[in-house]
Amino acid sequence: MTDNNTLNHASTPVELGFSMPAEFAPHDACWMLWPQRPDNWRYGAKPAQEAFVAVASAIAESETVFVGVNDDQYENARHHLPAHIRVIELSSNDAWMRDVGPTFLTHADGRLAMVDWEFNAWGGLNGGLYFPWDKDRRIRMKIAEMLGIERFILPLVLEGGAIHVDGEGTLITTEECLLNPNRNPEWNKADMERVLRGFLGVSTIIWLPRGCHQDETDGHVDNLCCFVAPGEVALTWTDDENDPQHVISREAREILENVTDAQGRRLKVHLLPQPGPLTIADTEASGVDRLSGSKPRQPGDRMAGSYVNFYIGNSVVVMPLLDPAHDNEAKTILEALFPDRHVIGVQAREILLGGGNVHCITQQQPKC
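Let me sum up the structure you'll find in this document. Small disclaimer: the values here were computed from a predicted structure and weren't measured.

### Quick look at unusual backbone geometry
Here's step 1: Each neighbour pair has its own omega, and for phenylalanine 131 with proline 132 the value is 0°, a cis peptide bond.
Here's step 2: Following the sequence through the fold, proline 132 ends up in the loop between strand 8 (112-118) and helix 4 (134-147).
Here's step 3: For the peptide bond that leads from glycine 276 to proline 277, omega is 10°, which places it in the cis range.
Here's step 4: One can find proline 277 in the loop between strand 15 (268-273) and strand 16 (278-279).
Here's step 5: Phi at alanine 121 takes a positive value of approximately 60°, unusual for a residue other than glycine.
Here's step 6: Along the chain, alanine 121 turns up in the loop between strand 8 and helix 4.
Here's step 7: Of note, glutamine 214 is a non-glycine position whose phi angle comes to about 65°, a positive value.
Here's step 8: Its location among the elements puts glutamine 214 in the loop between strand 12 (204-208) and strand 13 (225-229).

### Some thoughts on the environment of aspartate 39
Here's step 1: By the element assignment, aspartate 39 lies in the loop between strand 4 (27-33) and helix 1 (46-59).
Here's step 2: Separated by 255 residues in sequence, aspartate 39 and serine 294 have C-alpha atoms that sit 6.7 Å apart.
Here's step 3: Ignoring any residue separated from it by four or fewer positions in sequence, one finds aspartate 39 in contact with Val288, Asp289, Leu291, Ser294 and Lys295.
Here's step 4: A distance of 2.8 Å separates a polar atom in the side chain of aspartate 39 from a polar atom in the side chain of arginine 37.

### What about empty space enclosed by the protein?
Here's step 1: Inspection of the entire model under this criterion finds 6 cavities of 30 Å³ or more.
Here's step 2: Each pocket or cavity is described by its volume, and for the largest cavity that value is around 140 Å³.
Here's step 3: Looking at the largest cavity, it is lined by 18 residues, and the ones nearest its centre are Trp96, Trp122, Leu129, Glu216 and Gly354.
Here's step 4: Class assignment of the residues belonging to the lining of the largest cavity gives a composition of 5 nonpolar, 6 polar and 7 charged.
Here's step 5: Taken as a whole, the second largest cavity encloses approximately 90 Å³ of empty space.

Basis of the calculations
Residue indices begin from 1 for each chain and proceed along its sequence in written order. Two thresholds apply to this predicted model, a pLDDT of at least 70 for residue-level local features and 80 or more for giving and counting side-chain atom pairs, whereas whole-chain, interface and lining totals are computed over all residues. Based on all heavy atoms of the structure, the side-chain values leave hydrogens and waters out of the count. Elements are defined by DSSP. Helices are runs of H or I of four residues or more, strands are runs of E of two residues or more, and each kind is numbered from the N terminus. Between two residues, a contact is recorded if the distance between any of their heavy atoms is within 4.5 Å. Identification of polar contacts relies on pairs of N or O atoms within 3.5 Å, with a donor-acceptor requirement for protein atoms, meaning one able to donate a hydrogen and the other able to accept it, and with residues adjacent in sequence counted only if both atoms are side-chain atoms. Every definition here rests on a 1 Å grid over the protein atoms only: cavities are sets of points where a 1.4 Å probe fits but cannot get out, pockets are open sets enclosed by protein on both sides within 12 Å along at least five of seven lines, and lining residues have some atom within 4 Å of a point. Grid points are joined across faces, edges and corners, and a volume is the space filled by probe spheres set on the points. Put simply, Ala, Val, Leu, Ile, Met, Phe, Trp, Tyr, Cys and Pro go in the nonpolar bin, Asp, Glu, Lys and Arg in the charged bin, and everything else, Gly too, in the polar bin.

So this is what it looks like as structure tokens:
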């Protein structure tokens, strides 16, 4: 039965023929949100808005881009974004569409659907990054209404950045995030795997222990490792054994090189250099408003910068530029991994200052 395009899923999406395609599969569109929180984005989010415009413009070379905007920022966003980018009124608490937006599913008969997970701002009242998050929780429902697609509602806290799939039955995630007690304390690993298999159409789940060092999302996999092709992943890496990231990346590499995916393949692991390490400057922290219920930005705090946090479009790959000492090396590696796509680097430090990067602020809508 359906009600307002919402399936009460007596059957799982997989039982009905749906599954989650890989990000490198064809898209119809990309969804984003507009930053404006003064307690997360410095100087009223003006520098961040400039970075978001650059990301949206780069992706728009490849596919339709929708940018959701709160009513009080509509004219401002419409003025700054190119005319061919579609600006829509879509209220949000912050601008992380990867995590608050839908996980899209496709069907062989051409239908599009979505999973509507629960969202608690990366930890709720036990370590969450802001309060409230009521507008963010309604975004998936609103997009389902706009697109007229089926919505599988599941009362499980899961952000889009916590998972990566290859579209051929394999999913990568981290225990640090999905098994964190501030997400779903009543769910164990077996429960989680059952849901991922039933709702996303995967059969093999690769668990990495941790995400990037100091990642405030509690270890989202999209900042550490991602699929770039069937049987191939990119992993953030540093050779510096004194850097806390080294042991995290090393343990992830050992796992990735010693597992097989759903098709029986050994994974090929491509290493992307870690930028920095990068820290928040005094001037960057001073431009952020201090409000209750939000994460403070302190001078000297290390940021979880990663070149793995890129977006794969139909004809482009949009990557963050974070460190002049490593930007060109990372871009060269990505150009070799995606020879049929144009790799575009965007200045992304302002996005990182808010707690994420290019992949975190985007969500692909797959082509059916």
